[in-house]
Amino acid sequence: MESMAKKKVRPRRSFTAEFKAEIVGLCRRGDRSVGQVAKDFDLTETAVRSWVRQAEVDAGDRDGLTSSEREELAVLRRENRRLREDVEVLKRATAFFATETR
């Protein structure tokens, strides 16, 4: 156990769409590998690969949900969760008032 070095946890960072597009462009150009681009910009290779994969989906080169579809799905899921909570509150209120009137 002592021989295993603890990994330093890096805080979560967020990047602009323009920055991601620039990184994807560098990877697609082909003169550097995804790993090399990630190392050059102090990014994780996993993040860069997911950006490249999402760019391929958005371009229609790969099957999957596009960025706009993902965004719409997230909005719909939030709305659905809120509506379910509203229905639950109404059910409890109905049950409360039904017992009050008896």
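Note that the structure is a prediction, hence the values are computed from the model and not measured.

### Observations concerning the overall build of the protein chain
So, step 1. Of regular secondary structure, the protein chain possesses 4 helices and 0 strands.
So, step 2. Helices (α) and strands (β) of the protein chain occur, in sequence order from the N terminus, as α-α-α-α.
So, step 3. For the protein chain, whose C-alpha radius of gyration is 23 Å, the value lies well above the compact-globule estimate of 13 Å for 102 residues.
So, step 4. By principal-axis analysis of the C-alpha atoms, the protein chain measures approximately 75 × 50 × 20 Å.
So, step 5. Across the 102 residues in the protein chain, those meeting the buried criterion constitute 14%.
So, step 6. Taking the intrachain contacts of the protein chain between residues at least 6 apart in sequence as the baseline, contacts between residues at least 24 apart amount to 39%.
So, step 7. Summed over its atoms, the accessible surface of the protein chain is roughly 9,000 Å², and 52% of this surface lies on carbon and sulfur atoms.
So, step 8. Mean positive and mean negative side-chain charge positions of the protein chain (23 and 19 charges, respectively) differ by 5 Å.

### Some thoughts on helix H3 (residues 45-59)
So, step 1. Over its 15 residues, H3 runs 21 Å from end to end, which matches the ideal 21 Å to within 8%, given 1.5 Å per residue.
So, step 2. All of the buried residues in H3 are Val-48, Trp-51, Val-52, Gln-54, Ala-55 and Val-57.
So, step 3. Buried residues in H3 make contact with helix H1 (17-29), helix H2 (34-40) and helix H4 (67-100).
So, step 4. Directly beyond the C-terminal end of H3, a positive phi value near 90 degrees is found at Gly-60.

### Comments concerning the packing of aromatic side chains
So, step 1. Enumeration according to the criterion identifies 5 aromatic pairs in this entry.
So, step 2. On the numbers, 5.2 Å between centres and 20 degrees between planes, the contact of Phe-15 with Phe-19 is stacked.
So, step 3. Note on Phe-19: relative accessible area 22%, which makes it partly exposed.
So, step 4. One aromatic cluster is present, formed by Phe-15, Phe-19, Phe-41 and Trp-51 through successive ring pairs.

### Brief notes about the pattern of salt bridges
So, step 1. By the definition in use, this model includes 6 salt bridges.
So, step 2. With a shortest N-O distance of 2.5 Å, Arg-32 and Asp-40 are connected by a salt bridge.
So, step 3. Judged by relative accessible area, which is 28%, Arg-32 ranks as partly exposed.
So, step 4. With a closest N to O distance of 3.1 Å, Arg-82 and Asp-86 form a salt bridge. In this pair, Arg-82 and Asp-86 both sit in helix H4, 4 residues apart, roughly one turn of the helix.

### Some remarks on unusual backbone geometry
As a rule of thumb, non-glycine residues mostly have phi less than zero, and peptide bonds are mostly trans rather than cis.
So, step 1. If you check the backbone angles, Asp-42 has positive phi at about 55 degrees while not being a glycine.
So, step 2. Relative to the assigned elements, Asp-42 resides in the loop between H2 and H3.

### Observations regarding the environment of Asp-86
So, step 1. Under the relative-accessibility criterion, Asp-86 is labelled partly exposed at 34%.
So, step 2. For the pair Asp-86 and Val-75, spaced 11 residues apart in the sequence, the C-alpha separation amounts to 17 Å.

Calculation rules
Residues numbered from 1 in each chain as written. Predicted model: local features only at pLDDT ≥ 70, side-chain atom pairs only at ≥ 80, totals over all residues. Heavy atoms only, no water. Helix = DSSP H or I, 4+ residues; strand = E, 2+ residues; numbered from the N terminus. Rg over C-alpha atoms; globule rule 2.2 N^0.38 Å. Buried < 20%, exposed > 50% of the residue type's maximum accessible area, 1.4 Å probe, protein only. Contact = heavy atoms within 4.5 Å. Areas by Shrake-Rupley, 256 points an atom, 1.4 Å probe, with all protein chains shown as cover. Lys, Arg positive; Asp, Glu negative; His and termini not counted. Charge placed at Lys NZ, Arg CZ, Asp CG, Glu CD. Expected span 1.5 Å × (residues − 1). Phe/Tyr/Trp six-rings, centres within 6.5 Å; stacked < 30°, edge-to-face > 60°. Salt bridge = Lys/Arg side-chain N within 4 Å of Asp/Glu carboxyl O.

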